[in-house]
Amino acid sequence: MALGRRRSNEGLNFWPGYVDILATLLLVVTFLMSLFMVTQFFVSQQSSSKDTALKRLTSQLAQLTELLSLERGGKRTLEEDLAAMSASLAAAESENKQLTGLAASGEEKAGAAEGRIAAITTDLDSQRQLSSEALAKVELLNQQLLSLRRQIDALNQALSSAEAKDQDSQVRIEDLGKRLNVALARQVQELKQYRSDFFGRLRKLLEGRPNISVVGDRFVFQAEVLFPSGSDAVNPEGFAALDSLATALKELEAQIPKEINWVMRVDGHTDQRPISTPIFRSNWELSSARAIAVVKFLISRGIPANRLVAAGFGEFQPLETGTSEQTLARNRRIELKLTER
């Protein structure tokens with residue numbers, strides 16, 4: 001009890017000094033305010049409203065004096081309240097300890113909550129940023145999609161126009177194809193007629209020669225009629241036969257219309273016996289050389305070169321199979337065929 005009274009007395013002795021200090025500070029503030037007002041008064045003398053400012057300062061000074069009187073009166077009230085406050089201070093300190101413990105626990109919980117809030121806020125900001133980027137990408141994709149739709153519409157229109165033109169072209173192509181087929185058939189028929197006439201004339205010119213014959217659509221010279229064995233040099237009998245051929249071909253050329261693109265194909269053939277000489281290494285070379293020799297002779301007799309074709313078949317296109325001398329002789333031949341190029 002003595003200790004409690006001592007603490008109470010020490011508290012009561014402290015507060016009157018505090019009130020005196022407060023009153024002194026108030027007087028200092030009042031002095032400073034007065035000094036400020038006086039300074040303001042001297043400053044305001046330079047303006048046109050000196051008298052008005054001085055009256056205002058006088059009124060404010062009176063108000064401050066009145067406030068100082070009220071403050072002194074309130075000092076007694078503060079001393080009375082100080083006793084009551086000292087009594088409640090102990091209770092407040094006890095409650096403060098309890099509240100401090102609760103506050104510490106609350107601060108820990110608040111710290112954890114703040115951490116979770118900070119994490120949630122960070123995630124929310126990240127989600128907002130991602131959402132903004134996604135919206136920007138969606139907007140860009142929408143623009144690209146709109147552009148693609150426009151391009152597709154333009155392509156569809158162009159395709160429709162192209163299909164219409166294609167149908168028209170197909171109709172024209174079919175019509176042209178029909179006309180071409182008719183023209184080709186007519187030309188083939190005419191060529192057959194000219195070929196028949198040509199072979200008829202050639203048959204008459206070469207009538208009585210046993211080694212010259214007609215096989216299908218070909219006029220066949222046995223090789224012995226034109227060339228010595230193993231040679232591509234035309235013999236005298238061959239010159240006479242080829243002269244008759246050139247005469248008939250010139251007459252035919254004058255009659256065939258220019259629009260018919262015809263050629264005389266000269267095919268060289270040998271028998272199956274192999275050949276190997278310094279000049280001809282194989283039957284390919286011999287058959288080709290003989291066909292070329294006939295073509296050169298016809299050109300020398302005035303037949304246009306663009307109407308002649310030379311081909312060598314070697315021993316690979318025989319008329320007959322076998323090894324008899326008669327069969328081998330028939331397979332050694334020069335064939336002439338009037339055809340289209």
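A brief look at the structure comes next. These numbers come from a predicted model, not from an experiment.

Thresholds applied
Residues numbered from 1 in each chain as written. Predicted model: local features only at pLDDT ≥ 70, side-chain atom pairs only at ≥ 80, totals over all residues. Heavy atoms only, no water. Helix = DSSP H or I, 4+ residues; strand = E, 2+ residues; numbered from the N terminus. Buried < 20%, exposed > 50% of the residue type's maximum accessible area, 1.4 Å probe, protein only. Axes fitted to C-alpha atoms, helices over the stretch in contact; angles between N-to-C directions. Parallel < 35°, antiparallel > 145°, perpendicular 65-115°, else oblique. Left-handed = near helix turned anticlockwise from the far one by under 90°. Contact = heavy atoms within 4.5 Å. Nonpolar A, V, L, I, M, F, W, Y, C, P; charged D, E, K, R; others polar. Pairing = 2+ DSSP bridges.

1. Describing the environment of Phe-221
Inference 1: Checked against the element boundaries, Phe-221 lands in strand E2 (residues 218–222).
Inference 2: Assessed through its relative accessible area of 0%, Phe-221 is described here as buried.
Inference 3: When the C-alpha positions of Phe-221 and Gly-268 are compared, they lie 9.9 Å apart, and in sequence the two are 47 residues distant.

2. Observations concerning the packing of helix H4 (residues 236–255) against helix H5 (residues 283–300)
Angle between the axes and distance between the axes are the two parameters that describe a pair of packed helices.
Inference 1: Running from N to C, H4 and H5 cross one another at 60°; their axes reach a closest spacing of 10 Å. One finds that H4 runs oblique with respect to H5. Pair H4 / H5 crosses with right-handed handedness. Across the interface between the two elements, Phe-239, Leu-242, Asp-243, Leu-245 and Ala-246 from H4 touch Val-294, Phe-297 and Leu-298 from H5.
Inference 2: Classifying every residue of the contact of H4 with H5 gives seven nonpolar, no polar and one charged.

3. Notes on the side chain of Thr-327
Inference 1: Positionally, Thr-327 belongs in helix H6 (residues 325–331).
Inference 2: Thr-327 gets classed as buried once you look at its relative accessible area, which sits at 9%.
Inference 3: Once residues lying within four places of it in the same chain are set aside, the contact partners of Thr-327 are Glu-320, Thr-321 and Gly-322.

4. Considerations on the sheet that holds strand E1 (residues 212–215)
Inference 1: Read from one edge of the open sheet, five strands run E1-E2-E5-E3-E4, paired in mixed fashion. In the strand order of this sheet, the two ends are held by E1 and strand E4 (308–312), each with one partner. Averaged over all pairs of adjacent strands, the angle between strand axes in this sheet comes to 25°, irrespective of strand direction.
Inference 2: With eight bridges joining them, strand E3 (residues 262–269) and strand E5 (residues 333–340) adopt antiparallel strand pairing. Across the sheet, Val-263 pairs through a bridge with Thr-339, a residue of E5.
Inference 3: On the sheet, H4 packs against E1, E2, E3, E4 and E5 and is oriented at approximately 160° with respect to E3.
Inference 4: Strand contacts of H5: E3, E4 and E5, with the helix running at about 165° to E4, the strand carrying the most contacts.

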